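Letter by letter, the chains look like this.
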Protein chains: 2
Amino acid sequence: MNMTKKILRANDLRPTKQRVLIGDYLFDGIDKHVTAESLFKKLLNEKRGVSLATVYNTLHEFCKKELLNKITIDTDKVYFDTNISSHHHFFSDKEKLLLDIRSQDVIISSMPVAPKGKKIKKVELIIHLED
Amino acid sequence: MNMTKKILRANDLRPTKQRVLIGDYLFDGIDKHVTAESLFKKLLNEKRGVSLATVYNTLHEFCKKELLNKITIDTDKVYFDTNISSHHHFFSDKEKLLLDIRSQDVIISSMPVAPKGKKIKKVELIIHLED
DNA sequence: ATCTCAGTTTAGAATTATTCTAAAGTATTG
DNA sequence: CAATACTTTAGAATAATTCTAAACTGAGAT
Ligand SMILES: [Mn+2]
Ligand SMILES: [Mn+2]
Ligand SMILES: [Zn+2]
Ligand SMILES: [Zn+2]
């Protein structure tokens, strides 16, 4: 059976045509950073179209199931990362380009304790680049 | 002379009523994280109003002059930080609350080199919180 | 003080990523 | 197949921000 279908079933998501198409692209083993818009455009080329609403729905569902990581780095576009292992990013504000930093290249040797009543959910290091 | 006026003149910004009003609030020595909307509402209480467009204009000008730091942490609101010394943040996604981390509480002991042709402009560490 | 003009403010329109709505379509189960 | 819960979708709505262009104002020159 198609790998994407297995992933979907394992996560209680019905393997619809649209989800399989999106999953086949996102879970092909190649790390990607996509936006709703970039993914939507990519899928327009495919035989079967997927509506923009479905692209948004699916990205959010995949995030909820932790099949993707959401990266909020830019105020007017959300990025979704297919690399769900812990790693950090370079971001070029001018080109709006997001690049992975290999996890061994960053060492955070001291971390603050969370404020009372809160837990640390995620640590996001963003290195903003310029020319 | 009013302190804000001095700051404005030193940065080639005409000390207009609106800028002085905004500056008096932002540069009173108390560290603040504001959004355009929160600042706009705060100023409505004052004797003299400032338009929302001017709030945006002024925040951006102050950023350009490095009197403020822009923090892009949430996709639907930009935060401006009056604490322009190097420091990091906690962010509670649920309450959209931004908290300073004392700079001595984070030690980044290893940093990657910037991609060819790029320089590091800013290092932003965001610790996302949950309950 | 008045003049002049570049710099500034402003209301309202435009933009744009995202979310919402509700109607039509589909996968799954019995 | 039939029933139903889940899913997709077009298009409308939302909301932060930016843009436009007209009115206003601060500051230097006269
Ligand atoms: Mn926007
Ligand atoms: Mn938005
Ligand atoms: Zn990544
Ligand atoms: Zn701060």
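For the structure itself, consult the block above.
Presented here is an overview of the structure given in this document.

Cut-off values and rules
- Residues numbered from 1 in each chain as written.
- Chains lettered and ligands numbered in written order.
- Predicted model: local features only at pLDDT ≥ 70, side-chain atom pairs only at ≥ 80, totals over all residues.
- Heavy atoms only, no water.
- Buried < 20%, exposed > 50% of the residue type's maximum accessible area, 1.4 Å probe, protein only.
- Helix = DSSP H or I, 4+ residues; strand = E, 2+ residues; numbered from the N terminus.
- Arc of directions from axis to C-beta.
- Contact = heavy atoms within 4.5 Å.
- Axes fitted to C-alpha atoms, helices over the stretch in contact; angles between N-to-C directions.
- Left-handed = near helix turned anticlockwise from the far one by under 90°.
- Nonpolar A, V, L, I, M, F, W, Y, C, P; charged D, E, K, R; others polar.
- Pairing = 2+ DSSP bridges.
- Least-squares fit on C-alpha atoms with pLDDT ≥ 70 in both.

Moving on to helix H3 (residues 36-44) of chain A. All names here are of chain A. Three or more residues of H3 are buried, namely Ala36, Leu39, Phe40 and Leu43. Buried residues in H3, looked at end-on, bunch into an arc of 100°, giving them a common side. Residues of H3 that are exposed and point more than 90 degrees away from the buried face comprise Lys41 and Leu44. Packed against the buried residues of H3 are helix H2 (17-26), strand S1 (33-34), helix H4 (52-64) and strand S3 (77-81).

Bringing the packing of helix H2 (residues 17-26) of chain B against helix H4 (residues 52-64) of chain B into the picture now. All names here are of chain B. Relative to each other, H2 and H4 sit at 60°, their axes nearing to 11 Å. Seen from above, H2 lies across H4 with right-handed handedness. Mapping the contact onto sequence places Gln18, Arg19, Ile22, Gly23 and Leu26 in H2 and Thr54, Val55, Thr58, Leu59, Glu61 and Phe62 in H4. Considering only residue class, the contact of H2 with H4 consists of five nonpolar, four polar and two charged.

Residues and elements named next belong to chain A. Within the secondary structure layout, glycine 29 lies in the loop between H2 and S1. Residue glycine 29 is classed as exposed on the basis of its relative accessible area of 68%. Along the backbone, glycine 29 and threonine 82 are 53 residues apart, and their C-alpha atoms lie at a distance of 8.6 Å.

Here we come to the sheet that holds strand S4 (residues 88-92) of chain B. What the six strands build is an open sheet, ordered S5(A)-S4(A)-S7(A)-S7(B)-S4(B)-S5(B); its pairing is mixed. The open sheet is flanked by strand S5 (97-101) of chain A together with strand S5 (97-101) of chain B, the only strands paired with a single partner. When strand polarity is set aside, the average angle formed by the axes of neighbouring strands in this sheet is 30°. The sheet contact formed by S4 of chain B and S5 of chain B spans five bridges and is antiparallel. Bridged to phenylalanine 90 of chain B within S5 of chain B is leucine 99 of chain B.

What follows deals with the relation of the copies chain B and chain A. Each copy superposes on the other: chain B lies on chain A with an RMSD of 0.0 Å after a rotation of 180° and an axial shift of 0.0 Å. Such values leave the two copies arranged in the relation of a two-fold axis. When the interface residues of chain B are mapped onto chain A, 100% of them are again interface residues, pointing to one common binding face.

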